[in-house]
Amino acid sequence: MAHLLKIDFLMNPPESFHTARLLLRKPRPEDAPLIFAAYAQDAEVTRYLTWPPHKTVGVTQAVVERLLAAWQSGAEFSWLLFSRAGDELVGAISARPDGHRIDLGYVLARCHWTQGLMTEAVLAVVQWALTEPSVFRVWAVCDTENPASGRVLEKAGLKREGILRQWALHPNISATPRDCFSYAKTRNA
Ligand SMILES: CC(C)(COP(=O)(O)OP(=O)(O)OC[C@H]1O[C@@H](n2cnc3c(N)ncnc32)[C@H](O)[C@@H]1OP(=O)(O)O)[C@@H](O)C(=O)NCCC(=O)NCCS
């Protein structure tokens, strides 16, 4: 166990990387207004997420600070997604290490949905994660009523494992925890 913890501490994800159409890079404090405008205030985008839409850019600023502190501590690594064509902020993806596992979360501005962009981002992060010696399982959950997210995970090579009953609180649709599908890609499959 001490061995695994030591490897966790050494995990050193890239601060940026490219896919065919995206630049993924570590957030900066000055990104908050762009994040707020692109997706964080949009109730449709946050519908199946664990957080309510941001009411002010101050909320987004606090979130960015939390993300940077989480990167520093190794609790969570987040990247903003920019279109390489237009240099436009389109979304974000996060990876949260937990021992030999990493779980993913992601969000995309509505005007960029269904163009395959998030599949591209998830593929890149999964590929990086499985190069980390300590990581054997990359996984994610999505609300059972969020088929677009499930489809992204399938297209990125994760396999649906089953339903986690009342797994996550999605406060924008219900006051009680929701059933989620669990998807994973493991080092050996
Ligand atoms: C989920 C989300 C990230 C998908 O991003 P995206 O870039 O549009 O995803 P992709 O284009 O790579 O793939 C989406 C797939 O879902 C399918 N899809 C979209 N809406 C769907 C729906 N209502 N029912 C079934 N499939 C749907 C698309 O057809 C596509 O599949 P295909 O390529 O086989 O046609 C984006 O919709 C989003 O940000 N939603 C709000 C935040 C969210 O739900 N995040 C995930 C939390 S678990």
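The preceding data block contains the structure.
Residues numbered from 1 in each chain as written. Predicted model: local features only at pLDDT ≥ 70, side-chain atom pairs only at ≥ 80, totals over all residues. Heavy atoms only, no water.

Colleague: Please give an account of the environment of Leu89 that cites residues and values.
Modeller: Structurally, the position occupied by Leu89 is in strand β4 (residues 89–98). As for Leu89 and Ala109, which are separated by 20 residues in sequence, their C-alpha atoms are 8.5 Å apart. Beyond its immediate chain neighbours, meaning those up to four positions away, Leu89 contacts Leu34, Ile35, Ala38, Leu80, Leu81 and Phe82. (Helix = DSSP H or I, 4+ residues; strand = E, 2+ residues; numbered from the N terminus. Contact = heavy atoms within 4.5 Å.)

Colleague: Describe unusual backbone geometry, with residues and values.
Modeller: A negative phi angle is the norm for most residues apart from glycine, just as the trans form is the norm for most peptide bonds. With a phi angle near 60 degrees, Asp87 is a residue other than glycine that sits in the positive phi range. Among the structural elements, Asp87 can be located in the loop between β3 (77–83) and β4. A relative accessible area of 60% places Asp87 in the exposed class. (Buried < 20%, exposed > 50% of the residue type's maximum accessible area, 1.4 Å probe, protein only.)

Colleague: Give a detailed account of the site of the ligand, specifying residues and quantitative values.
Modeller: If you check the shell around the ligand, you find 21 residues, and the closest are Thr114, Gly116, Thr119, Arg151 and Lys155. Within the side chain of Asn146, a nitrogen or oxygen atom sits 2.8 Å from an oxygen atom of the ligand. Arg151 is positioned such that a nitrogen or oxygen atom in its side chain is 2.7 Å from an oxygen atom of the ligand. Taken by itself the ligand offers 970 Å² of open surface, and the protein chains cover 72% of this. The set of elements that each furnish at least two residues to the shell around the ligand consists of β5 (101–108), α4 (117–129), β6 (137–143) and α5 (147–155). Ranked by the residues each element gives to the shell around the ligand, the list is headed by α5, at 6 residues. Split into classes, the residues belonging to the shell around the ligand amount to 13 nonpolar, 6 polar and 2 charged. (Near = heavy atom within 4 Å. Polar contact = N/O pair within 3.5 Å; in protein donor to acceptor, adjacent residues only side chain to side chain. Areas by Shrake-Rupley, 256 points an atom, 1.4 Å probe, with all protein chains shown as cover. Nonpolar A, V, L, I, M, F, W, Y, C, P; charged D, E, K, R; others polar.)

Colleague: I'd like to hear about the environment of Pro52, residue by residue, with values.
Modeller: Structurally, the position occupied by Pro52 is in the loop between α2 (32–40) and α3 (57–73). On the accessibility criterion, Pro52 (47% relative accessible area) is partly exposed. C-alpha separation for the pair Pro52 and Asn172, spaced 120 residues apart in sequence, amounts to 6.1 Å.

Colleague: Tell me about the side chain of Ser149, and name the residues and values.
Modeller: Mapped onto the elements of the fold, Ser149 is located in helix α5. When its relative accessible area of 10% is taken as the criterion, Ser149 is described as buried. Each residue touching Ser149, except ones within four places of it in the same chain, is listed here: Tyr106 and Cys142.

Colleague: How would you sum up the pattern of salt bridges? Please name residues and give values.
Modeller: For the structure on display, the rule yields 13 salt bridges. The partner of Arg110 in a salt bridge is Asp42, and the shortest N-O contact between them spans 3.0 Å. You can see Arg110 sitting in the loop between β5 and α4 and its partner Asp42 sitting in the loop between α2 and α3, a full 68 residues away along the chain. Taking the relative accessible area as the measure of exposure, Arg110 reaches 41% and is therefore partly exposed. For the salt bridge of Glu161 with Arg137, the shortest nitrogen-to-oxygen distance reads 2.9 Å. Taken together, the residues span a long stretch of sequence, with Glu161 in strand β7 (residues 159–168) and Arg137 in strand β6 at a distance of 24 residues. Classification of Arg137 as buried rests on a relative accessible area of 19%. A network of salt bridges, in which partner residues are shared, links Arg66, Glu76, Arg96 and Asp103. (Salt bridge = Lys/Arg side-chain N within 4 Å of Asp/Glu carboxyl O.)

Colleague: Describe the state of the cysteines, with residues and values.
Modeller: Taken as a whole and assessed by the stated rule, the structure comprises 0 disulfides. There is no disulfide at Cys180, and the cysteine sulfur nearest it, in Cys142, is 7.0 Å away. (Disulfide = S-S within 2.5 Å.)

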